[in-house]
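Now for the letters of each chain:
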Amino acid sequence: YTVTRNYLDWLTVLPWGVLTQDKIDLDRARKILDRDHDGLEDVKDRIVEFLAVGAMKGEMAGSILLLIGPPGVGKTSIGKSVAEALGRKFYRFSVGGMRDEAEIKGHRRTYIGAMPGKFVQALKEVGSANPVIMLDEIDKIGASYQGDPASALLEVLDPEQNADFLDHYLDVRFDLSKALFICTANDFSIPSALLDRMEVIRLSGYITEEKLAIAKHHLWPRVLERAGLKKNQLAISEGAIRHVIEGYAREAGVRNLEKQLGRVARKAVVKILGGAATPIKIGVKE
């Protein structure tokens, strides 16, 4: 009884034919990308082209984007921006370290505690059949004696095949072709058959000027918020940020830069609690 009831629950709760309307307005998409990301001009152009082709064709189906770049360059957040620009629901899961293909294709119902695969779970959670699904860390997918999930992904990510995707648990075909898949990876150590189905967009990293803009518009406000500081309590000069970037945060991404700015903010918090006068101004000397 329980098994059958759960099965019927899953069947009836899935968004059969429920689609969100795409808002394909290229100017709006460009504004959202510019608001969320400084730099990355070629990547933004590529995404706007991708949206433009979808607008021309009348549907966004049929291609998978792969964002490749070093850690901390904003691959995952670009996925969120694309979903917002399209007006679609967004679902992200990491496939790093996944070893069992049942996590993708589902378990058969004969097993105790059988569950549908991640894609069916994603559709249930977002409640629409055309979300943006992000597969993070696809280059770190594992393989073991239990199976090879990278091979199981071939069917899911192939626009020719996934119109009738068959999950072992549901045992009913579901159309995944309306979903938009965005994958992220740090390098090209991806099975070639999988790589063949994707459109690669490279995110190489940021130059000093771009890092400076990111620090001013995104990182510094976030650092202040995390430290519980208000804008009028702590100010940092542009020269000081540039000094941190050039002397202490030279890697491709901006995570280390955020950590270094966090150190500055923490030292300021100690001073403020020790009775120092605000606002504290940080220049290159400090």
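Worth saying up front: this structure is predicted, and the values here are computed from it rather than measured.

The rules behind the values
- Residues numbered from 1 in each chain as written.
- Predicted model: local features only at pLDDT ≥ 70, side-chain atom pairs only at ≥ 80, totals over all residues.
- Heavy atoms only, no water.
- Pairing = 2+ DSSP bridges.
- Helix = DSSP H or I, 4+ residues; strand = E, 2+ residues; numbered from the N terminus.
- Axes fitted to C-alpha atoms, helices over the stretch in contact; angles between N-to-C directions.
- Contact = heavy atoms within 4.5 Å.
- Buried < 20%, exposed > 50% of the residue type's maximum accessible area, 1.4 Å probe, protein only.
- Arc of directions from axis to C-beta.
- Core = buried A, V, L, I, M, F, W, Y, C linked by side-chain atoms within 4.5 Å.
- Parallel < 35°, antiparallel > 145°, perpendicular 65-115°, else oblique.
- Left-handed = near helix turned anticlockwise from the far one by under 90°.
- Nonpolar A, V, L, I, M, F, W, Y, C, P; charged D, E, K, R; others polar.
- 1 Å grid on protein atoms, 1.4 Å probe; cavity = no way out; pocket = protein on both sides within 12 Å on 5 of 7 lines; lining within 4 Å.
- Points joined across faces, edges and corners; volume = space filled by probe spheres on them.
- Polar contact = N/O pair within 3.5 Å; in protein donor to acceptor, adjacent residues only side chain to side chain.
- Salt bridge = Lys/Arg side-chain N within 4 Å of Asp/Glu carboxyl O.

Visitor: What is the right way to look at the sheet that holds strand E2 (residues 90-94) in this model?
Guide: In sheet architecture, strand pairing relies on hydrogen bonds along the backbone and comes in two forms, parallel and antiparallel. In spatial order, the strands read E2-E3-E6-E1-E7; together these five strands make up an open sheet with parallel pairing. Two strands bound the open sheet, and with one partner strand each, they are E2 and strand E7 (198-202). The sheet shows a mean angle of 20° between the axes of neighbouring strands, direction not considered. Of the strand pairs in this sheet, strand E1 (residues 64-68) and E7 are connected by five bridges, and their pairing is parallel. Bridged to Ile 68 within E7 is Arg 202. Strands E1, strand E6 (180-185) and E7 of the sheet are contacted by helix H3 (residues 41-57), whose axis makes an angle of about 150° with E7.

Visitor: What exactly am I supposed to notice about helix H10 (residues 238-248) here?
Guide: In an α-helix, one full turn covers 3.6 residues, which means residues spaced three or four apart are oriented alike. Residues of H10 that are buried include every one of Ala 240, Ile 241, Val 244 and Ile 245, and no others. Seen along its axis, H10 keeps its buried residues to an arc of 140°; they face one direction. Residues of H10 that are buried sit in contact with helix H9 (208-227), strand E8 (234-236), helix H11 (255-273) and strand E9 (280-282).

Visitor: I tried to follow the nonpolar core on my own but got confused; where do I start?
Guide: One broad trend across soluble globular proteins is that nonpolar side chains are buried collectively. Counting 48 residues, the largest nonpolar core has Ile 47, Leu 51, Ile 78, Leu 234, Leu 257 and Leu 261 as its most contacted members. No other element matches H9, which puts seven residues into this core. Excluding residues within four positions of it along the chain, Ile 78 makes contact with His 37, Leu 40, Val 43, Ile 47, Leu 67 and Leu 203. The next biggest cluster of nonpolar side chains, apart from the first, holds 40 residues, and it includes Ala 114, Leu 135, Val 156 and Ala 179.

Visitor: Explain the packing of helix H2 (residues 26-36) against helix H4 (residues 75-86) to me, please; I cannot follow it from the model alone.
Guide: When two helices pack together, their arrangement is given by the angle between their axes and by how far apart the axes lie. Running from N to C, H2 and H4 cross one another at 150°; their axes reach a closest spacing of 9 Å. Between H2 and H4, the crossing angle belongs to the class labelled roughly antiparallel. Considering how the two elements wind past one another, H2 and H4 form a crossing that is right-handed. Where H2 abuts H4, its residues Arg 28, Ala 29, Ile 32, Leu 33, Arg 35 and Asp 36 lie against Ser 81, Glu 84 and Ala 85. Considering only residue class, the contact of H2 with H4 consists of four nonpolar, one polar and four charged.

Visitor: Help me out: how do you make sense of the layout of surface pockets in this one?
Guide: In this approach a probe as big as a water molecule rolls over the atoms, and the regions it shows empty are the leftover space. Roughly 620 Å³ of volume is contained in the largest pocket. Taken together, 27 residues form the lining of the largest pocket, with Gly 72, Val 73, Gly 74, Lys 75 and Ser 77 sitting closest to its centre. For the lining of the largest pocket, the elements supplying multiple residues, two or more each, are H2, H4, H9 and H11. When residues of the lining of the largest pocket are assigned to their parent elements, the largest contribution, six residues, is made by H4. When grouped by side-chain class, the residues that make up the lining of the largest pocket number six nonpolar, nine polar and twelve charged. What lines the second largest pocket is a set of 17 residues, and nearest its centre among them are Arg 263, Val 264, Lys 267, Ile 282 and Glu 286.

Visitor: What am I meant to see in the side chain of Asn 162 here?
Guide: Mapped onto the fold, Asn 162 is located in the loop between helix H7 (149-157) and strand E4 (165-166). Its relative accessible area of 3% is what places Asn 162 among the buried residues. A distance of 2.7 Å separates a polar side-chain atom of Asn 162 from the backbone oxygen of Val 156. When sequence neighbours within four positions are dropped, the list of residues in contact with Asn 162 reads Glu 155, Val 156, Leu 157, Phe 174, Asp 175, Leu 176, Ser 177 and Phe 181.

Visitor: I keep staring at the pattern of salt bridges and nothing clicks. Help me out?
Guide: Pairing between side chains of opposite charge can happen when the charged atoms of each approach one another. In this structure the tally under the stated criterion is 20 salt bridges. Among the ionic pairs, Lys 44 bridges to Glu 41, the shortest N-O distance being 3.7 Å. Here Glu 41 and Lys 44 lie together in helix H3, a separation of three residues that amounts to about one turn. Judged by relative accessible area, Lys 44 falls into the buried class, the value being 3%. Its relative accessible area of 42% is what places Glu 41 among the partly exposed residues. For the salt bridge of Glu 258 with Arg 222, the shortest nitrogen-to-oxygen distance reads 3.3 Å. Taken together, the residues Glu 258 in helix H11 and Arg 222 in helix H9 connect sequence positions 36 residues apart. Residue Arg 222 is classed as partly exposed on the basis of its relative accessible area, which comes to 35%. Residues participating in the shared-partner salt-bridge network are Arg 30, Asp 34, Glu 41, Lys 44 and Asp 45.

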